[in-house]
Amino acid sequence: MKFKIGECTYNWAKKSNIAAWYEEQTTSTNAIAKESELADSSPIALFVTEHQTAGRGRGDHLWEDLRGSCLLSSWVFRVHKNPQPVLSIQIGLAVYKAFSATWPYLHWSLKAPNDLYLGSHKVGGLLIEYLSHSVNRFIVGFGFNVHAHPAFETATSLASVLRGHGLEVTQE
């Protein structure tokens, strides 16, 4: 049985008492989070999938994933006031610091505010949005190439880099 990153993340969230939503495939976790009543009814909610058919990045950029090879998630936080513009940079820095602490022997970098790099190749990205509806929500979309990456010269995956360090990552 193949390991499913999204399903595993969903199960972790449920065990951690975090409101969570999971589907094998969806358009975009950020798009689903924007429309979900789950995000309105919980102070924190997590939306995950194995594959996005309309994943996107900042502006008009698209997020391309290889089915089942990426962590595709959106975290939704209910907020009481508009977040400060510096929050996007702080979130990117927090992700960079967490990954650097987890894998200190890898060369992580952040192309602020939203691109996470391993060496000179992009391995992940953030899409941060603020919505003011009946409830104010701050959405942090996070895509991370775990097992594979799109065929872009500038992309990589965690597994590819770890293999370069003599470590093997399996999907079983």
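Preceding this paragraph is the structure being described.
The following refers to the structure shown.

Rules used in this analysis
What you see as residue numbers is a count from 1 along each chain, following the sequence as written. Given that the model is predicted, a residue must reach a pLDDT of at least 70 before its local features are reported, and side-chain atom pairs must reach 80 or more before they are shown or counted; all residues, however, enter totals for whole chains, interfaces and linings. With hydrogens and water stripped out, all remaining heavy atoms of the structure feed into the side-chain values. Per the convention used, a helix needs a DSSP run of H or I reaching at least four residues, while a strand needs a run of E reaching at least two, with both numbered from the N terminus. Exposure is judged per residue with a 1.4 Å probe applied to protein chains only, and the accessible area is read against the type maximum: over 50% gives exposed, under 20% gives buried, and values in between give partly exposed. Contacts were defined at the residue level, with two residues in contact if any of their heavy atoms lie within 4.5 Å. The protein chains shown are the only cover counted for residues, whose accessible areas, like all others here, come from Shrake-Rupley with a 1.4 Å probe. We define the nonpolar core as a collection of buried residues of types Ala, Val, Leu, Ile, Met, Phe, Trp, Tyr and Cys that are connected through side-chain atoms lying within 4.5 Å of one another.

### A short note on the overall build of the protein chain
Then step 1. Counting its secondary structure elements, the protein chain contains five helices and seven strands.
Then step 2. For the protein chain, the N- to C-terminal ordering of α and β elements is α-β-α-α-β-β-α-β-β-β-β-α.
Then step 3. Per-residue burial for the protein chain yields a buried fraction of 45% across its 172 residues.
Then step 4. Taking contacts inside the protein chain between residues at least 6 apart in sequence as the whole, the part at least 24 apart equals 62%.
Then step 5. When the accessible surface of the protein chain is totalled, it reaches about 9400 Å², and 56% of it is carbon and sulfur.

### Topic: the nonpolar core
Then step 1. If you look at the biggest cluster of nonpolar residues, it comprises 19 residues, and the most contacted ones within it are W108 and F144.
Then step 2. Mapped onto this core, the elements with two or more residues apiece are α4 (87–102), β5 (115–118), β6 (121–132), β7 (136–145) and α5 (158–164).
Then step 3. If one sorts the elements of this core by residue count, β7 sits on top with four residues.
Then step 4. Membership of the second largest hydrophobic core comes to eight residues, among which are A33, A39, A45 and F47.

### Topic: the environment of L127
Then step 1. For L127, the position within the fold is in strand β6.
Then step 2. With 13 residues separating them along the chain, L127 and V140 place their C-alpha atoms 5.9 Å apart.

### A word on the environment of P83
Then step 1. Looking at where P83 falls in the secondary structure, it is placed in the loop between β3 (70–78) and α4.
Then step 2. A C-alpha to C-alpha distance of 9.7 Å links P83 and R137, two positions 54 residues apart in sequence.
Then step 3. Residues in contact with P83, not counting those within four places in the same chain, are Y130 and F138.

### Section: unusual backbone geometry
Then step 1. For the peptide bond that leads from A112 to P113, omega is 0°, which places it in the cis range.
Then step 2. Along the chain, P113 turns up in the loop between β4 (108–111) and β5.
Then step 3. Positive phi is not limited to glycine here, since N17 has a value of about 60°.
Then step 4. Within the secondary structure layout, N17 lies in the loop between α1 (5–15) and β1 (19–26).
Then step 5. Residue N17 is classed as exposed on the basis of its relative accessible area of 72%.

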